[in-house]
Amino acid sequence: FSLSSNGEYHFDSGNVQPFARYLVSYTPGVFSTFANYKFRARTNVNLYVGVRGPDDRWEVTAFVKNLLDQERVTAISNGTVQ
């Protein structure tokens, strides 16, 4: 299984609307009998901040991907070595 959550907080401030948005996804650890490898659990957090113009006609966004800076093995192959 996997779990994901996203949300946004925004408020009006004159002609612009500042906001902060997040996206979190979680994948639990699992043992692969095919690869004979224990994959570790993984939590990926992405954060976005920005402002929107009136009537959502424009938007400027800055973002940070992989906020927790996690590095995980996500696939293993028994490839042929020559």
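Within any chain, residue numbers begin from 1 and follow the written order of that chain's sequence. Selection of residues for local features in this predicted model requires a pLDDT of at least 70, selection of side-chain atom pairs for listing and counting requires 80 or more, and totals for whole chains, interfaces and linings are taken over all residues. To get the side-chain values, take all heavy atoms of the structure and skip hydrogens and water.

**Things to note about the side chain of Q17**
Here a strand is any run of E in DSSP of at least two residues, a helix any run of H or I of at least four, and the numbering for each starts at the N terminus. By secondary structure assignment, the location of Q17 is in strand β2 (residues 17-27). Of note is the side chain of Q17, whose polar atom sits 3.3 Å from the side chain of D12. If sequence neighbours within four positions are ignored, Q17 has contacts with H10, F11, D12, G50, V51, R52 and D56. Whenever two N or O atoms come within 3.5 Å, that pair is a polar contact, provided that in protein one can donate a hydrogen and the other can accept it, and provided that, for residues adjacent in sequence, both atoms are side-chain atoms. Any two residues whose heavy atoms approach within 4.5 Å at even a single point are treated as in contact.

**Some thoughts on the side chain of N46**
Checked against the element boundaries, N46 lands in strand β5 (residues 42-52). At a separation of 3.0 Å, a polar atom in the side chain of N46 contacts the main-chain amide nitrogen of N66. If sequence neighbours within four positions are ignored, N46 has contacts with R21, Y22, L23, V64, K65 and N66.

**Here we look at a nonpolar patch on the surface**
Patch membership needs two things, relative accessible area over 30% and no salt bridge, and members are linked within 9 Å if like-charged or within 5 Å if nonpolar (Val, Leu, Ile, Met, Phe, Trp, Tyr). Methods summary: accessible areas were calculated by the Shrake-Rupley approach with a probe of 1.4 Å, and residue burial reflects only the protein chains presented. Note on definitions: salt bridges are taken to be side-chain nitrogens of Lys or Arg within 4 Å of carboxyl oxygens of Asp or Glu. The grouping of Y22, L47, V49, V64, L67 and L68 at the surface amounts to a nonpolar patch, some 480 Å² of accessible area in total. With respect to the helices and strands, the residue L67 is situated in the segment after β6 (59-64). Think of it in three bands: with a 1.4 Å probe and only protein chains considered, a residue is buried below 20% of the maximum accessible area for its type, exposed above 50%, and partly exposed in between. For L67, a relative accessible area of 43% corresponds to the partly exposed category.

**Quick word on the sheet that holds strand β1 (residues 3-10)**
Strand order in this open sheet of four strands is β1-β2-β5-β6, and the pairing throughout is antiparallel. Every other strand in the sheet has two partners, leaving β1 and β6 as the edge strands with one partner each. Between one strand and the next, the sheet's axes are offset by a mean angle of 15 degrees, whatever the strand orientation. A pair of strands is labelled paired if DSSP reports no fewer than 2 bridges between them. Two elements, β5 and β6, share six bridges in a ladder whose sense is antiparallel. Within β6, the position partnered with G50 by the bridge is T61. Think of each axis as a best-fit line through the C-alpha atoms, taken over the contacting stretch in the case of a helix, with angles from 0 to 180 degrees between the N-to-C directions.

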